[in-house]
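So the chains spell out like this:
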Amino acid sequence: MLDKKVSELLNNQINKEFYSAYLYLDFSNYYYDQGLDGFGNWFKVQAQEERDHAMLFIQYMQNNGEKIELNAVDKPDVALTDAKTVLEETLKHEQYVTSLIHNIYDAAYSVKDFRTMQFLDWFVKEQGEEENNADNLIKRFELFGDDPKSLYMLDSELGARVYTAPSLVL
Ligand code: FEO
């Protein structure tokens, strides 16, 4: 029911979102290992959100009668050098995901697939928020990361993040 190229890109995005979940779980494990449990928690919640994104792509394809092919999820390949670098890698990864979403949008636009464009609108907005969140984390780490007391408070704040289901219902 969907254009072949659009369908392929949507199917591919399922894998990319599961990879994001896997990547952020790796980051979460890294921070727990470093004793920064709040950062660990923040990334664990982020991993849950990424899994939700994958499920939304699956649901959208199913709603449109498309066949889904699940592919192998790659091993996370970002070097866990230090606490700040991991945050910078998060922003880089979100910018990459934004480019993927825009690419699907572009394909849908070119075949006047307004339904898919409308579905993707939520993700376009979500990506703006996710890039902003990652950028904020970097800035706050730059401000507070060198002072143990401030870092402890930042870590405690991030530890309070709780998972909530996505606002998009299909
Ligand atoms: Fe599914 Fe972080 O974008």
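Summary of the structure given here. Here the structure is a predicted model, which is why all the values come from computation and not from measurement.

As for its position among the elements, leucine 120 is in helix 4 (residues 114-144). Taking C-alpha positions, leucine 120 is 9.5 Å from phenylalanine 57, a pair spaced 63 residues apart along the chain.

It is worth spelling out empty space enclosed by the protein at this point. Summed over the entire model, instances satisfying the criterion amount to one cavity of 30 Å³ or more. Considering only enclosed or pocket space, the largest cavity measures out at about 40 Å³ in volume. Taken together, Tyr24, Trp42, Gln46, Thr90, Glu94, Glu130, Asn133 and Ala134 form the lining of the largest cavity. Among the elements of the structure, helix 2 (37-63), helix 3 (83-110) and helix 4 are those that each provide at least two residues to the lining of the largest cavity. No other element matches the three residues that helix 4 contributes to the lining of the largest cavity.

Turning to the side chain of asparagine 64, a few remarks are in order. Tracing the sequence through the fold places asparagine 64 in the loop between helix 2 and helix 3. The residues contacting asparagine 64, other than those within four sequence positions of it, are Met1, Leu2 and Arg115.

This part covers the packing of helix 2 against helix 4. Their axes nearest at 12 Å, the elements helix 2 and helix 4 cross at an angle of 170°. Between helix 2 and helix 4, the crossing angle belongs to the class labelled roughly antiparallel. Only Arg115, Thr116, Phe119, Leu120, Trp122, Phe123, Glu126, Glu130, Asn133, Leu137 and Phe141 of helix 4 make contact with helix 2, whose side of the interface consists of Phe39, Trp42, Gln46, Glu49, Glu50, His53, Leu56, Phe57 and Tyr60.

As a further point, take the pattern of salt bridges. For the coordinates displayed, the defined rule picks out nine salt bridges. Between lysine 92 and glutamate 89 there is a salt bridge, and its shortest N-O distance comes to 3.4 Å. Residue lysine 92 and its partner glutamate 89 are both found in helix 3; the two are separated by three residues, about one turn of the helix. Put simply, arginine 140 and glutamate 157 hold a salt bridge, and the shortest N to O gap is 2.7 Å. Of this pair, arginine 140 sits in helix 4 while glutamate 157 sits in helix 5 (residues 148-159); the two residues are 17 residues apart in sequence, bridging distant segments of the chain. One salt-bridge network, in which partners are shared between bridges, spans Lys84, Glu88 and Glu142.

What counts, and at which threshold
- Residues numbered from 1 in each chain as written.
- Predicted model: local features only at pLDDT ≥ 70, side-chain atom pairs only at ≥ 80, totals over all residues.
- Heavy atoms only, no water.
- Helix = DSSP H or I, 4+ residues; strand = E, 2+ residues; numbered from the N terminus.
- 1 Å grid on protein atoms, 1.4 Å probe; cavity = no way out; pocket = protein on both sides within 12 Å on 5 of 7 lines; lining within 4 Å.
- Points joined across faces, edges and corners; volume = space filled by probe spheres on them.
- Contact = heavy atoms within 4.5 Å.
- Axes fitted to C-alpha atoms, helices over the stretch in contact; angles between N-to-C directions.
- Parallel < 35°, antiparallel > 145°, perpendicular 65-115°, else oblique.
- Salt bridge = Lys/Arg side-chain N within 4 Å of Asp/Glu carboxyl O.

Purely spatial values, then, with no claim about function.
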